Structures are given as C-alpha cells and as structure tokens.
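Residue strings, one per chain:
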Amino acid sequence: MKHIARRFSAVSSFAVLSLLGGCMGSRSEPPTCWLVSAEAAGTTQIREAASRMPACIGAFAVRSPYDGVRMAVLRSDGSIAFDPANTFAARPEMMLKCAAFDILASRGELDFAGQTSGTNVVYDVSVTRLALDCRKEGIRTASVGVTLAAKVVEGRGRPVSTVICSAEGGSDAADGNYSAAFSKAFSTALVRAYEGTKAR
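Along each chain, numbering runs from 1 in the same order as the chain's sequence is written. In view of the model being predicted, local features appear only for residues whose pLDDT reaches at least 70, and side-chain atom pairs are presented and counted only at 80 or more, with totals across whole chains, interfaces and linings using the full set of residues. With hydrogens and water excluded, all non-hydrogen atoms of the structure serve as input to the side-chain values.

## Observations regarding the overall build of the chain
- By definition, any uninterrupted DSSP run of H or I lasting at least four residues is a helix, any uninterrupted run of E lasting at least two residues is a strand, and each is numbered from the N terminus. Along its length, the chain carries 4 helices and 8 strands.
- In the chain, the succession of α and β elements from N to C terminus is α-β-α-β-β-β-α-β-β-β-β-α.
- For each residue, the accessible area found with a 1.4 Å probe, counting protein chains only, is set against the maximum for its type, and the residue is called buried under 20%, exposed over 50%, and partly exposed in between. Residues classed as buried in the chain amount to 42% of the 200 residues present.
- Every residue pair with non-hydrogen atoms within 4.5 Å of one another is taken to be in contact. Excluding contacts between residues fewer than 6 apart, the proportion of contacts in the chain whose partners are at least 24 apart in sequence is 70%.
- The Shrake-Rupley method, run with a 1.4 Å probe sphere, supplies the accessible areas, and residue values consider only the shown protein chains as cover. When the accessible area of the chain is evaluated, it comes to approximately 11,200 Å², of which 53% is carbon and sulfur surface.

Shown next as structure tokens:
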C-alpha cells in the first residue's frame, strides 16, 4: 500500500510539473542563478559630456510578485508560476538598482558620481514587471516594465518639478541566457523611460 502511495505521489508531482511546463525547468538539480547588470546589457561605456547636472537614484522598488529571487513565468492561461530551475542571484531590488545606476551613468548626460548638493535630478524607479513571458507557444521573452519619476530638487531636497514616464522592454530568451536577456530588457525599459522624462 505504501509503495502504491509513493508511486501515486511521484506521478502527481510529474503531472504538476508537466502542467507548469513550457518555459519551466525541472527540480532535479540545484537552480541556476542569473545576474542582471549593465555589463551584460552592453551599456557600461560612459559618454563624455561638457557640463553635467548632479543626479542620483532615490527610491527604488520592485513590485510584488516580481520582488523575490525566484524567476516569475507568465503563462498562456493568465496565471503566473515560479521556475524551480532558474532564480536571480540576489533580490531583484538590490541587483537592479546597481544596474540602473550604471545604465543611467553610462548615458553621460548627468553626473551620478558627483556631489548631490545644490540642484539635482532624483530618479525614483519602480519595476512593474520582471518575468519570463511564455504566453505564446514556443516563445520565451524576458519582459520588464519600468516606471521612472524624474524629480528636479533644489536646496534641501524640495521638489521643483516631477515628470513620470513608464516604458517596457523585451529580449528574446530562447537561447536560455537569462542574464543577457533580462539585462537587455531592463536596460531597454529604463532608457526608454529616461528618454520619455526628457521629452515631456
């Protein structure tokens, strides 16, 4: 009887994993940890600028349910799952904030390394989506959404003006290199939002 129960349990587990299939990996080995960085996105070269206003990243948040290390997977039935075989190497909030600093600094238009006193631009970042999009059969896309609030502050940090822009980025992840795919998707979304704040 115990043998039958164990076999039924194993079959049930396999059935569940099959239902979660598509973009999902198996649990047979320890999960692979992936990075998101400016380097993997190919955006580390800083452009020269004659005169740059001091800037910094202020509040930074990754919205639930994308704020954990487990990689979120969007499925065709409208549900979300978490891949047991692929995780991020650190909590997304910590990892993406570092990447955001490097990506924005690489634009060369603002001084992110200088003093933050006086007139500054403060960027509050909210990551609204960080997921592997598997909603279309046979397609895997690293999908990232970003909302950027650019605040010009003076004196003791009092906001003078605020411009908000949301943008999305996606990158083909069919080759399984999730570090490159998510880095490119995040960089694309962040730069689009950044350019959007400048255009308003």
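## A few points about the nonpolar core
- Throughout this description, the term nonpolar core refers to a set of buried Ala, Val, Leu, Ile, Met, Phe, Trp, Tyr and Cys residues connected via side-chain atoms within 4.5 Å. The biggest cluster of nonpolar side chains holds 50 residues, and the ones touching the most others in it are Phe60, Tyr123, Leu132, Val144, Phe182 and Phe186.
- When residues of this core are traced back to their parent elements, those giving at least two are strand S2 (53-62), strand S3 (70-74), strand S4 (80-88), helix H3 (92-105), strand S6 (120-133), strand S7 (141-154) and helix H4 (178-199).
- Here this core takes 10 residues from H4, the largest share from any one element.

## Here we look at the packing of aromatic side chains
- Pairing of aromatic rings covers Phe, Tyr and the six-membered ring of Trp, with a centre-to-centre limit of 6.5 Å; geometry is then stacked below 30 degrees between planes, edge-to-face above 60, and tilted otherwise. Under the definition given, this model contains 5 aromatic pairs.
- For the ring pair Phe112 and Tyr123, a centre distance of 6.2 Å and an interplane angle of 20° mean the geometry is stacked. Remark: Tyr123 occurs in strand S6 and Phe112 occurs in the loop between strand S5 (110-111) and S6; sequence separation between them is 11 residues.
- The exposure class of Tyr123 is buried, given its relative accessible area of 4%.

## A few points about H3
- With 14 residues, H3 should reach 20 Å at 1.5 Å per residue; the first-to-last C-alpha distance of 19 Å fits that figure.
- The secondary structure elements touched by the buried residues of H3 are strand S1 (32-34), helix H2 (38-41), S2, S4, S6 and H4. Here, expected helix span is obtained from the residue count minus one, scaled by 1.5 Å.

## Topic: the side chain of Arg129
- When you line up the elements, Arg129 lands in strand S6.
- Under the relative-accessibility criterion, Arg129 is labelled buried at 17%.
- Within the structure, the side chain of Arg129 is placed 3.5 Å from the side chain of Glu168, a separation counted as a polar contact.
- Setting aside anything within four residues of it in sequence, one finds Arg129 in contact with Tyr66, Leu74, Ser143, Val144, Gly145 and Glu168. Under this definition, polar contacts are N or O atom pairs within 3.5 Å; protein pairs additionally need one hydrogen-donor-capable and one acceptor-capable atom, and for neighbouring residues in sequence, both atoms have to be side-chain atoms.

## Details of the environment of Glu109
- Positionally, Glu109 belongs in the loop between H3 and S5.
- Between the alpha carbons of Glu109 and Ala55 there is a distance of 9.7 Å; along the sequence they are 54 residues apart.
- Residue contacts for Glu109: discarding those within four places in its chain leaves Arg52, Met53, Tyr194 and Lys198.

## Points about the pairing of S4
- Strand pairing follows a simple DSSP-based rule, namely that at least 2 bridges must link the two strands. Two elements, S1 and S4, share 3 bridges in a ladder whose sense is parallel. Across the sheet, the residue bridging to Trp34 is Phe88, located in S4.
- Pairing of S3 with S4 involves 5 bridges; the strand directions are antiparallel. Paired with Val73 across the two strands is Ala81, which belongs to S4.
- The hairpin formed by S3 and S4 contains 5 residues between the paired strands, and Gly78 there has a positive phi angle of roughly 90°.

## Side note on the packing of H3 against H4
- Axis geometry follows a simple rule: fit a line to the C-alpha atoms, using only the stretch in contact for helices, then measure angles between N-to-C directions, giving values from 0 to 180 degrees. At a closest axis distance of 10 Å, the pairing of H3 and H4 adopts a crossing angle of 55°. In terms of orientation, H3 lies oblique with respect to H4. Where H3 crosses over H4, the two elements pack in a sense that is right-handed. Contacts between H3 and H4 involve Leu96, Ala99, Ala100, Ile103 and Leu104 on the former and, on the latter, Phe186, Ser187, Leu190, Val191 and Tyr194.
- Any residue outside Ala, Val, Leu, Ile, Met, Phe, Trp, Tyr, Cys, Pro, Asp, Glu, Lys and Arg is labelled polar, Gly included; the first ten of those are nonpolar and the last four are charged. Looking at side-chain class alone, the contact of H3 with H4 contains 9 nonpolar, 1 polar and no charged residues. Angle categories are assigned with fixed cut-offs, so that under 35 degrees is roughly parallel, over 145 is roughly antiparallel, 65 to 115 is roughly perpendicular, and the rest are oblique. Rotating anticlockwise by less than a right angle from the far helix to the near helix defines a left-handed crossing, while the corresponding clockwise rotation defines a right-handed one.

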